[in-house]
Amino acid sequence: MLIKAAAAALRQVFSPALRGILFKSLALTVGLLVVLWFGLTRLIQAFQTSHHISADYPFFDTLAFFLAGAGLFVALAYIMPAVSILVAGFFLDDVAEVVERSDFPTDAPGRALPWGQALGSAIRFAGLALLVNLVALILVFVPGVNLFAFFGANAYLLGREYFELAAGRFRPLPEARAMREHYGFTVIAAGCLLAGLMIVPIVNLVTPLFGVALMVHLHKGLERRALPGPTGTDARLPHRR
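Predicted model, so just to flag it, every value in this text is computed and none were measured.

### A look at the nonpolar core
Line of reasoning, step 1. Within the largest apolar cluster, 54 residues are counted, with the highest numbers of intra-cluster contacts made by V95, Y162, F163, L214 and M215.
Line of reasoning, step 2. Looking at this core, the elements with two or more residues in it are α1 (2-13), α2 (16-50), α3 (58-103), α4 (115-138), α5 (146-167), α6 (173-182), α7 (184-198) and α8 (207-223).
Line of reasoning, step 3. Counting residues per element, this core draws most heavily on α3, at 13 residues.

Below, the structure written as structure tokens:
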């Protein structure tokens, strides 16, 4: 199911129907990263202005600045998951509507989340992702722990957030959360795929759109599976808000 959903999502990300959303998503993602880059470099410059490494050898100040700038590439890689979640919150409903209309035309369409709720949820999870990845960044010099911390934390966070955003178009948040927990292994496996894309330069820029399309397909597939009912019988998750 996951492989089929990933193939369908990849096909749709570069389809004409999503091309306009893709360009807007790329522009927003790059814009946020550029703002973060300039903000962090200005902080480094301000620090070095008031704390010269060597008053007698200004070259070392310049060298330290460029080394710090190169280090920011590593820092931005850890910030990228938070940016991805935030961008997904902006374009969730636009992408989901295209996917549902093209691949599930006979199903009842989902309902867009209230803009404030979708954005608030995205900001909340983006903040959590930023905090978790900053902790993972601190562990970057611990062999055997750094990659596991980055990959494991983001597999869980990305799988959780993207799935609940997609499922939230069809059911209340408590039901979406219960569904995610019931199919936890599948959702985390999808999160592993998204976390893997996050470490690939350039490719990680399309992760927000791919993640939304992937989770729409995954939710639709899992929705067709039976969940254990309260009396031991099988009952499907209801389509209700």
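Alright, that's what it looks like, and here's the rest.
### Re the packing of α7 against α8
Line of reasoning, step 1. Where α7 meets α8, the closest approach of the two axes is 11 Å, and the angle between their N-to-C directions is 165°. Taken together, the axis directions place α7 and α8 in an arrangement best described as roughly antiparallel. Viewed along their axes, α7 and α8 form a crossing whose handedness is right-handed. Judged by residue contacts, T186, V187, A190, L193, L194, L197 and M198 of α7 engage T207, F210, G211, L214, M215, L218 and L222 from α8.
Line of reasoning, step 2. By residue class, the composition of the contact of α7 with α8 is eleven nonpolar, three polar and no charged.

### Focus: the pattern of salt bridges
Line of reasoning, step 1. With the rule as written, the count across this model stands at eight salt bridges.
Line of reasoning, step 2. The residue R169 makes a salt bridge to E100 at a minimum N-O spacing of 3.0 Å. Here E100 lies in helix α3 and R169 lies in the loop between α5 and α6, a separation of 69 residues in the sequence.
Line of reasoning, step 3. Of the residues examined, E100 reaches a relative accessible area of 6% and is grouped as buried.
Line of reasoning, step 4. E164 is paired through a salt bridge with R180; the nearest N and O atoms lie 2.6 Å apart. Here E164, found in helix α5, pairs with R180, found in helix α6; they are 16 residues apart in sequence, far enough to count as distant.
Line of reasoning, step 5. Via salt bridges that share partners, D93, E100 and R169 belong to a single interconnected network.

### Looking at α7
Line of reasoning, step 1. The end-to-end C-alpha distance of α7 is 21 Å, a good match for the 21 Å that 15 residues give at a rise of 1.5 Å each.
Line of reasoning, step 2. Considered for burial, the residues of α7 that qualify are T186, V187, A190, G191, L194, A195 and M198.

### Some remarks on a nonpolar patch on the surface
Line of reasoning, step 1. A surface patch of nonpolar side chains, amounting to about 230 Å² of accessible area, comprises V30, V34 and F38.
Line of reasoning, step 2. Mapped onto the fold, V30 is located in helix α2.
Line of reasoning, step 3. V30 sits in the partly exposed class, given a relative accessible area of 37%.

### Topic: the packing of aromatic side chains
Line of reasoning, step 1. All told, the structure shown has zero aromatic pairs when counted by the stated rule.
Line of reasoning, step 2. Here the guanidinium or amino end of K220 rests over the ring plane of F104, the centre of that ring lying 5.5 Å away.

About the criteria used
Residues numbered from 1 in each chain as written. Predicted model: local features only at pLDDT ≥ 70, side-chain atom pairs only at ≥ 80, totals over all residues. Heavy atoms only, no water. Core = buried A, V, L, I, M, F, W, Y, C linked by side-chain atoms within 4.5 Å. Buried < 20%, exposed > 50% of the residue type's maximum accessible area, 1.4 Å probe, protein only. Helix = DSSP H or I, 4+ residues; strand = E, 2+ residues; numbered from the N terminus. Axes fitted to C-alpha atoms, helices over the stretch in contact; angles between N-to-C directions. Parallel < 35°, antiparallel > 145°, perpendicular 65-115°, else oblique. Left-handed = near helix turned anticlockwise from the far one by under 90°. Contact = heavy atoms within 4.5 Å. Nonpolar A, V, L, I, M, F, W, Y, C, P; charged D, E, K, R; others polar. Salt bridge = Lys/Arg side-chain N within 4 Å of Asp/Glu carboxyl O. Expected span 1.5 Å × (residues − 1). Patch = residues over 30% accessible without salt bridge, like charges linked within 9 Å, V, L, I, M, F, W, Y side chains within 5 Å. Areas by Shrake-Rupley, 256 points an atom, 1.4 Å probe, with all protein chains shown as cover. Phe/Tyr/Trp six-rings, centres within 6.5 Å; stacked < 30°, edge-to-face > 60°. Lys NZ or Arg CZ within 6 Å of the ring centre and 35° of its normal.

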